[in-house]
Amino acid sequence: MYLNFAGNFMNLNRTKVAFGEAQAPKYHQPALITYPPGSGNHFFRNDLDWNKLGEIITERFSGSGAKILIHGCSDGAEYYSLNLLLERIYGRKKAKELFSFTCKDIREEVIEKAQKGLIVVQPTEVSLIKGYLIAGPDSKARFQTHDMSIVRGMTSRKADPDLVARANFRQGDFMEDVKEKIDADMIFVRNSFIYMEDDGKKIPKSCLISLYENVNPGALLIVGGLEYGDKEKYEDGQPTVNQLINAGFRAVEDEQGNIVECIFEKPS
Ligand SMILES: C[S@@+](CC[C@H](N)C(=O)[O-])C[C@H]1O[C@@H](n2cnc3c(N)ncnc32)[C@H](O)[C@@H]1O
């Protein structure tokens, strides 16, 4: 099944993925993916092959369903994208039966907004999330990101309360969560690791090792384009992805043996 998210993937400029001293797998680059991702949190943010993710989910979780944990969820754009993807594949009723969501972010004010269903939407994104919004645009909306930059010129809208409630938005620190067992079949930590670094360079190795140890065998870890290395920030070319691989995570491959970017697993 190939779903069409055309319209959100207009910027097809790609930079080469650097792999430092870790394994250098033959990454294929589906046309949809850009590195690094465009700024801001967007529906179907273009650093992930959402179609491929849909195929993998269908193959792995159609029978069992899955508990999904999204860390660094921000205003929830990622959750809404994923839920929409699952609803397109399974229909709303079945998707609801099969998948549960916990969405966390360290910032309380972000979570408060997410719990109210306030979501920042770009004009080009509105058509992608038809049926998900109940209220019109708030032209005074501002959205403050973790690094304090303010994204202006976007509109804030209100999401369908049923979908908001289903997300279970909660404040939480990923760095603390990894110290305990993580009961999830899919964990999304996308474009968030760079905000958790302790030495100005990269996420502590110990944190990724704890993540590996505490996640269920067979669980999928979905990361973002920034985890492949922000050239300006990582002068030593040490993307977080290398550290994930060194911690034990395996890059997921498709049927042709090509590695699917941004999708890793803890082998069962
Ligand atoms: C750039 S946003 C990424 C949003 C979304 N995952 C995406 O890719 O579009 C990074 C988010 O990570 C959150 N964050 C930073 N440190 C965190 C931590 N230790 N635990 C959980 N969330 C964190 C920030 O508050 C921010 O909302």
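Scroll up to find the structure this text is about.
Read on for an overview of the structure. Owing to the predicted nature of the structure, the values given are computational and were not obtained by experimental measurement.

Conventions and cut-offs
Residues numbered from 1 in each chain as written. Predicted model: local features only at pLDDT ≥ 70, side-chain atom pairs only at ≥ 80, totals over all residues. Pairing = 2+ DSSP bridges. Helix = DSSP H or I, 4+ residues; strand = E, 2+ residues; numbered from the N terminus. Axes fitted to C-alpha atoms, helices over the stretch in contact; angles between N-to-C directions. Parallel < 35°, antiparallel > 145°, perpendicular 65-115°, else oblique. Left-handed = near helix turned anticlockwise from the far one by under 90°. Contact = placed C-beta atoms within 7 Å. Nonpolar A, V, L, I, M, F, W, Y, C, P; charged D, E, K, R; others polar.

Time to look at the pairing of strand 1 (residues 66–71). Looking along a regular strand, one sees the side chains alternate between the two faces of the sheet. As paired elements, strand 1 and strand 2 (residues 99–105) share six bridges and run parallel to each other. Bridged to Lys-67 within strand 2 is Ser-100. As paired elements, strand 1 and strand 9 (residues 186–189) share four bridges and run parallel to each other. Bridge pairing links His-71 to Val-189 in strand 9.

So, about unusual backbone geometry. The phi angle at Ser-74 is positive, at roughly 55 degrees, despite the residue not being glycine. With respect to the element layout, Ser-74 can be found in the loop between strand 1 and helix 2 (77–90). Here the phi dihedral of Cys-262 falls at roughly 75 degrees; this positive angle occurs in a residue that is not glycine.

Our focus in this paragraph is the packing of helix 1 (residues 50–61) against helix 2. Where helix 1 meets helix 2, the axes come as close as 11 Å, and the angle between the chain directions of the two elements is 60 degrees. The angle between the axes of helix 1 and helix 2 places the two elements in the oblique class. Here helix 1 and helix 2 pass one another in a crossing that is right-handed. Residues Trp-50, Gly-54 and Thr-58 of helix 1 pack against Ser-81, Leu-85 and Ile-89 of helix 2. Considering only residue class, the contact of helix 1 with helix 2 consists of three nonpolar, three polar and no charged.

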